[in-house]
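Single-letter residue listing:
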Amino acid sequence: MKENLLHTPDGVRDIYGTECEQKHILENRMHKVLNSYGYRDIETPAFEYFDVFGHEIGTTPSRELYKFFDREGSTLVLRPDFTPSIARASSKYFMEENHPIRLCYLGNTYVNYLDYLGRMKESTQMGAELIGDPGPEADAEVIAMVIEMLLSAGLKEFQISVGQELFFDALAGEAALNPEDTETLRELIRNKNSFGVEKLLKGKNIAPELRQLFVQIPSMFGGEEIIEKAEEMTDCEEARAALERLRDVLRILEVYGLEQYVSIDLGMMSGFMYYTGIIFRGYTYGSGDAIIKGGRYDELLKNFGKPSPAIGFVVVINSLLHAMNRQQVPIVSEADRKLVFYDDQSRDEAIRTAMNLRKQGSDAELRKVEAADFSKTDAQICQEGGYRDVIHTERGQKT
Amino acid sequence: MKYLTIALTKGRLAGKTMKLLAQAGIECKEMQDPETRKLIFTDEKNRLKFFLAKGQDVPTYVEYGAADLGVTGEDTILEENRRVYEVLDLGFGKCRMCVAGPAQAAGLLRHKEQITVATKYPRIARDYFHNRKNQTVEIIKLNGSVELAPIVGLSDVICDIVETGTTLKENGLIVLEEVCPLSARVIVNPVSMRMENERISCLLRSMNDIIEK
């Protein structure tokens, strides 16, 4: 075998065997939940024009995009995430619709990270977008759906942190810092770096209560009491409205009966520029990064000519699977998989047996052998190959 | 109860951190044995694990959640630029990130001419020159004894950590500009911060109380 033909490039890999099976099981389970909420499947191309993922729409830094040219010289990009593609597609195909549109997708995304960071450059994402509904009901529906997806996948210990981009935006507006400082401040709060916040605001002309609040935001996460605490600290009307929205969403989640999975994090802000309201992340043990990322992006669609409110999220399937394996959550296939042995003399019988099994809903794999071989017990074969049952039809005996 | 894992920076910083933790009632007997060849140490009482790593690697361990918390210098945190939360300034390990060089190099920093900078911290150096000074520079990455570079003519200036300034002085170099002050920091994995919030907050609060005393 040629060695250089065997390797995959840095950051991509084969998924096979049990892992691949488990991945598909998770995808199927979660996809059912998406459909059960009325979300319809959509597929978009793996590569699109650069501008769809470009700077104004702001998802992934340009140098982390896989770029190439078509024959005309246009720059093409392998999708780093789905949201801009879905926004583009829905602006095009659902221009006339005046009721909300629910779409869901599954596919691979590509981000050209530097080598040796241990990050995969290709990853599988499943997600959904709810377009055309500006209300807290939409926020809550999407969050509830995420929780149900994780539960259906079999995950038990997880937490959905919910934040509100508008809260920081309102306060930043009141503080009237220059755009550069506002960005630095956002970055510091995002990193939960309250020392940095203090250092940055030192000597700046800001009301002391507001300064105090900024310093506190990084540690403002927990239950509903966080919203009250924040309300007491600010009179800014927009900020209070942002908090009220958060409370509405929580109240609706109580109707779903899923509020116990949700916590509030006022310091959470996305690196994606397009988020404009509620944002959320899903965390669990065994994964160093969030397994779910989502939020409201009411401004994105106007880039494609159809201004419309929207909210969506993505499940990073590889990270979810990795976390579940680390937590030793069993992911067991429901398939009834059987292995049928045959030899020259029993061929016809074996094929008929297999066909019958398949008709009854089992999976039947045929394996031809020279003669019956009893060097391994059936139990061993089942264990090694992941079969539920082994059927022998072979007539010849090993001599 | 799950173990919380803490990554420490080998050397002086680890010693100081353990001293601080001891004041907070966390002691790890295993670690005090100077003869030990162990890589990972356990404190059963508080359900903590500790390990020692090279400074630059601490943010990596924390980013992947291999360690829930880490203690390392701000220089490595800035340079590695990992997705971690930087939550507490420990106040020790204080030093400065500086641009240094021979006295006559000062003029090179006043104009926008292109100069060469030798450093162990290419990201910090680039950010300082490009974004804060708007000066285009060529960066040469070295792995140690950076002071040598301007002396032997490899670079015009260096960008490096300065503690007392003795090494610079003995080699005829001076601090030309200060990039930023540095100290030891506690970093936390974002997921751990959520999932083990109570224990981590409690630990940080007790560390903070001791520092502020």
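**Things to note about the overall build of chain B**
Moving on, step 1. A tally of regular secondary structure across chain B gives ten helices and eleven strands.
Moving on, step 2. Going through the 213 residues of chain B one by one, you find that 41% of them count as buried.
Moving on, step 3. Long-range contacts, defined here as pairs at least 24 residues apart, represent 67% of the contacts in chain B between residues at least 6 apart.

**Comments concerning the overall build of chain A**
Moving on, step 1. From N to C terminus, chain A includes 13 helices and 15 strands.
Moving on, step 2. Each of the 399 residues in chain A was classed as buried or not, and the buried ones make up 37%.
Moving on, step 3. If you take every contact in chain A between residues at least 6 apart in sequence, the share linking residues at least 24 apart comes to 72%.

**Here's the deal with the interface of chain A and chain B**
Moving on, step 1. Facing the twelve residues of chain A at the interface are 13 residues of chain B.
Moving on, step 2. Class assignment of the residues belonging to the side of chain A that touches chain B gives a composition of three nonpolar, seven polar and two charged.

**So, the domain arrangement of chain B**
Residue and element names in this part refer to chain B.
Moving on, step 1. Taken domain by domain, chain B holds domain 1 (4–93 + 183–212) and domain 2 (95–181).
Moving on, step 2. Computed from C-alpha coordinates alone, the two centres of domain 1 and domain 2 are separated by 30 Å.
Moving on, step 3. Across the contact, five residues belong to domain 1 and six residues belong to domain 2.
Moving on, step 4. Its residues assigned to classes, the side of domain 1 that touches domain 2 shows one nonpolar, two polar and two charged.

**Some words on helix α12 (residues 347–359) of chain A**
Moving on, step 1. Over its 13 residues, α12 of chain A extends 19 Å from the first C-alpha to the last, a length consistent with the 18 Å expected when each residue adds 1.5 Å.
Moving on, step 2. One or two steps after α12 of chain A, the chain reaches Gly361 of chain A, where phi turns positive at roughly 100 degrees.

**Considering the nonpolar core**
Moving on, step 1. Membership of the largest hydrophobic core comes to 96 residues, with the highest contact counts inside it found for Ile143, Val146, Val162, Phe167, Leu171, Val315 and Leu320 of chain A.
Moving on, step 2. The element that contributes the greatest number of residues to this core is helix α4 (residues 136–153) of chain A, accounting for eleven residues.
Moving on, step 3. In this structure, Leu171 of chain A is in contact with Leu210, Leu213, Phe214, Thr234, Cys236 and Ala239 of chain A, ignoring residues within four places of it in sequence.
Moving on, step 4. Residues Leu8, Phe50, Val58 and Tyr85 of chain B belong to the second largest nonpolar core, which totals 32 residues.

**Concerning the confidence of the model for chain B**
Moving on, step 1. Looking at chain B, the pLDDT average stands at 90 and 100% of residues meet or exceed 70.
Moving on, step 2. Two summary scores accompany this predicted model of the complex, namely pTM at 0.84 and ipTM at 0.72.

**Some details on the domain arrangement of chain A**
Moving on, step 1. Examined at the domain level, chain A breaks down into domain 1 (3–326) and domain 2 (337–392).
Moving on, step 2. The centre of domain 1 of chain A, based on its C-alpha atoms, is set 47 Å off from the matching centre of domain 2 of chain A.

**Quick word on the environment of Lys156 of chain A**
Moving on, step 1. The residue Lys156 of chain A is located in the loop between α4 and β7 (158–164) in this model.
Moving on, step 2. Along the backbone, Lys156 of chain A and Tyr261 of chain A are 105 residues apart, and their C-alpha atoms lie at a distance of 9.8 Å.

**Quick look at the packing of helix α2 (residues 17–36) of chain A against helix α11 (residues 317–326) of chain A**
Residue and element names in this part refer to chain A.
Moving on, step 1. Put simply, α2 and α11 touch, their axes get as near as 10 Å, and they point 110 degrees apart. One way to sum up the angle between α2 and α11 is to call them roughly perpendicular. For the element pair α2 and α11, the recorded crossing hand is right-handed. Residue-level inspection shows Gln22, Lys23, Leu26 and Glu27 of α2 in contact with α11, the latter providing Ile317, Leu320 and Leu321.

**A short note on the pairing of strand β6 (residues 95–101) of chain B**
Residues and elements named next belong to chain B.
Moving on, step 1. Most of β6 is tucked away, with five of its seven residues classed as buried.
Moving on, step 2. The sheet contact formed by β6 and strand β10 (residues 174–182) spans seven bridges and is antiparallel. Its bridge partner being in β10, Cys95 is matched across the sheet by Leu182.

**Concerning helix α10 (residues 237–256) of chain A**
Residues and elements named next belong to chain A.
Moving on, step 1. Taking 1.5 Å per residue as the helical rise, α10 with its 20 residues ought to reach 28 Å, and the 29 Å between its terminal C-alpha atoms agrees with that figure.
Moving on, step 2. Listing the buried residues of α10 in full gives Ala239, Ala242, Leu243, Leu246, Val249, Leu250, Ile252 and Leu253.
Moving on, step 3. Following α10 by one or two positions, Gly257 has its phi on the positive side, about 75 degrees.

**A word on the sheet that holds strand β4 (residues 75–78) of chain A**
Residues and elements named next belong to chain A.
Moving on, step 1. The three strands lie next to each other as β2-β4-β3, forming an open sheet whose pairing is antiparallel. Here the strands that pair on one side only, and so sit at the sheet edges, are β2 (47–49) and β3 (67–69). In this sheet, adjacent strand axes meet at a mean angle of 40 degrees when their direction is disregarded.

**A word on unusual backbone geometry**
Moving on, step 1. The phi dihedral of Ala176 of chain A falls on the positive side, at around 50 degrees, and the residue is not glycine.
Moving on, step 2. Within the element layout of this structure, Ala176 of chain A appears in the loop between α5 (165–175) and α6 (179–190).
Moving on, step 3. Phi at Arg47 of chain B takes a positive value of approximately 55 degrees, unusual for a residue other than glycine.
Moving on, step 4. Looking at the secondary structure, you find Arg47 of chain B in the loop between β2 (40–43) and β3 (48–53).

**Concerning the packing of α2 of chain A against α4 of chain A**
All names here are of chain A.
Moving on, step 1. At a minimum axis separation of 8 Å, α2 and α4 run at an interaxial angle of 145 degrees. In the packing of α2 onto α4, the handedness of the crossing is right-handed. For the pair α2 and α4, contact is made by Leu26, Arg29, Met30, Lys32, Val33 and Leu34 and by Met145, Glu148, Met149, Ser152 and Ala153, respectively.
Moving on, step 2. Tallied by class, the residues present in the contact of α2 with α4 amount to seven nonpolar, one polar and three charged.

Quick notes on the rules
Residues numbered from 1 in each chain as written. Chains lettered and ligands numbered in written order. Predicted model: local features only at pLDDT ≥ 70, side-chain atom pairs only at ≥ 80, totals over all residues. Helix = DSSP H or I, 4+ residues; strand = E, 2+ residues; numbered from the N terminus. Buried ≥ 20, exposed ≤ 12 C-beta atoms within 10 Å, placed from the backbone. Contact = placed C-beta atoms within 7 Å. Nonpolar A, V, L, I, M, F, W, Y, C, P; charged D, E, K, R; others polar. Domains from an automatic or database assignment. Expected span 1.5 Å × (residues − 1). Core = buried A, V, L, I, M, F, W, Y, C linked by C-beta atoms within 7 Å. pLDDT = per-residue confidence, 0-100. Axes fitted to C-alpha atoms, helices over the stretch in contact; angles between N-to-C directions. Parallel < 35°, antiparallel > 145°, perpendicular 65-115°, else oblique. Left-handed = near helix turned anticlockwise from the far one by under 90°. Pairing = 2+ DSSP bridges.

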